[in-house]
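Here are the chains, one letter per residue:
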Amino acid sequence: MPRSRNTEGAIYMSMAMAGFSASDALSKSVVAHMNAGEIMFLRGLFTSLLIFLIAWKMGALRSWRVVLKPMIILRIICEMLSAVTYITALGMMPIANASAILQSLPLVVTFGAALFFNEPVGWRRWSAIIVGLVGVMIIIRPGPEGFTAAALLCVGAVMTTAGRDLATRSIDPQIPSLMITVITAISISFFGALLIPVLGAWQPVSLTSLGHLLLASVLVLVGYQSVILAMRTGEISFVAPFRYTSLIFSSLLGFFFFAEVPDSWTRVGAAIVIASGLYTFYREAKRHVSPIAQESEPRVPV
């Protein structure tokens, strides 16, 4: 494949990571003013409307009875849990730290693929997974009291997001991806509404906060479209590692908008996680196996 198409794919992937990181930052900016349920509800409404219009325009809508399929139900449940845990974690820890922990997602997906799909994983990739998890522990650094709530929530987001990706792999390929996304967006919005009284109460929403959530929804959609373009334009083995640019964008956003500076241990842990993930991508490409880790979705979509 010509280098120019790989370069184009890398640009698309970097654009996607910038969009996802900016969406995270916008969500973090309103956490102090409303609970995670309210954020999920409002952002889910915006996303549901946007995705529904796109799916309708592209003729991707199908019978709503597909929501009863077990793997779609499992995917929705995982998506709900990953959304609430990650949004809550963003309000409790620096965005760069949360992003660094989330970079372990491809490693966890590889582990899950071996566990549930019997995908062959050699000792080199097992070693990369173990080293990557050590990197996560360095970022978290549990003290004498154990893991912090923020760290546990972020790890929970990684686990449930991996569950989402593994469930997605088992969904009937005849069901359009946009239809699955529409169902997921509506479900998360409904789940967020249910969480509002549990996590506190409805808080007045300023025009600024509403604008942030609307822009976050648009950026997520731009991000996912860019991921699709990246995967279809360049070689996956070349393009997929550029997902780690999200850590650069998150660090810059955290510094300029939240005055957050990752400490040296966080940088070391992030470097270990990224190196492990890159090695996993390399081994998958070299062995020509089904690249489930490379294709794992990099962010919660709504």
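Parameters and conventions
- Residues numbered from 1 in each chain as written.
- Predicted model: local features only at pLDDT ≥ 70, side-chain atom pairs only at ≥ 80, totals over all residues.
- Heavy atoms only, no water.
- Helix = DSSP H or I, 4+ residues; strand = E, 2+ residues; numbered from the N terminus.
- Buried < 20%, exposed > 50% of the residue type's maximum accessible area, 1.4 Å probe, protein only.
- Contact = heavy atoms within 4.5 Å.
- Lys, Arg positive; Asp, Glu negative; His and termini not counted.
- Charge placed at Lys NZ, Arg CZ, Asp CG, Glu CD.
- Axes fitted to C-alpha atoms, helices over the stretch in contact; angles between N-to-C directions.
- Parallel < 35°, antiparallel > 145°, perpendicular 65-115°, else oblique.
- Left-handed = near helix turned anticlockwise from the far one by under 90°.
- Nonpolar A, V, L, I, M, F, W, Y, C, P; charged D, E, K, R; others polar.
- pLDDT = per-residue confidence, 0-100.
- Core = buried A, V, L, I, M, F, W, Y, C linked by side-chain atoms within 4.5 Å.

Caption draft 1: Focus on the overall build of the chain. Of regular secondary structure, the chain possesses 13 helices and zero strands. When the helices and strands of the chain are read in sequence order from the N terminus, they spell out α-α-α-α-α-α-α-α-α-α-α-α-α. Its C-alpha atoms give the chain principal-axis dimensions of about 50 × 50 × 35 Å. The 302 residues of the chain split such that 52% are buried. For the chain, restricting intrachain contacts to residue pairs at least 6 apart in sequence, the fraction spanning at least 24 positions comes to 89%. In the chain, 21 positive and 14 negative side-chain charges are present, and the distance between their average locations comes to 6 Å.

Caption draft 2: Inspection of the packing of helix H2 (residues 36-57) against helix H9 (residues 207-233) at higher detail. Across the interface, H2 lies against H9 with an axial gap of 9 Å and an inter-helix angle of 50°. One way to sum up the angle between H2 and H9 is to call them oblique. In the crossing of H2 with H9, the sense of the turn from one axis to the other is right-handed. Contacts between H2 and H9 involve Ile 39, Leu 42, Arg 43, Phe 46, Thr 47, Leu 50 and Ile 51 from the first element and Leu 210, Leu 213, Leu 214, Ala 216, Ser 217, Val 218 and Leu 221 from the second. A per-class count over the contact of H2 with H9 returns 11 nonpolar, two polar and one charged.

Caption draft 3: Structural view of helix H4 (residues 95-102). Here H4 lies mainly inside the structure; eight of its eight residues are buried. Listing the buried residues of H4 in full gives Ile 95, Ala 96, Asn 97, Ala 98, Ser 99, Ala 100, Ile 101 and Leu 102.

Caption draft 4: Representation of the confidence of the model for the chain. Chain-level statistics for the chain give a pLDDT mean of 87 and a share of 92% at 70 or above. Mean pLDDT values for the elements of the chain range from 60 in helix H13 (residues 292-295) up to 94 in helix H11 (residues 245-258).

Caption draft 5: Structural detail: the nonpolar core. Grouped together as the largest cluster of nonpolar side chains are 33 residues, with contacts concentrated most on Tyr 86, Met 93, Ala 98, Ile 101 and Cys 154. Among the elements of the structure, helix H1 (3-30), helix H3 (70-90), H4, helix H5 (105-117), helix H6 (123-140), helix H7 (149-169), H11 and helix H12 (264-287) are those that each provide at least two residues to this core. Among the elements that line this core, the one with the most residues is H7, at seven residues. What Cys 154 contacts, discounting residues up to four positions off in sequence, is Tyr 86, Ala 89, Met 93, Ala 98 and Ile 101. Judged by nonpolar contacts, the second largest core, of 22 residues, contains Met 34, Leu 42, Met 80 and Leu 195.

Caption draft 6: Seen up close, the environment of Asn 97. Assignment of secondary structure puts Asn 97 in helix H4. Relative accessible area serves as the criterion here: at 12%, Asn 97 is assigned to the buried category. Each residue touching Asn 97, except ones within four places of it in the same chain, is listed here: Ile 139, Pro 262 and Thr 266.

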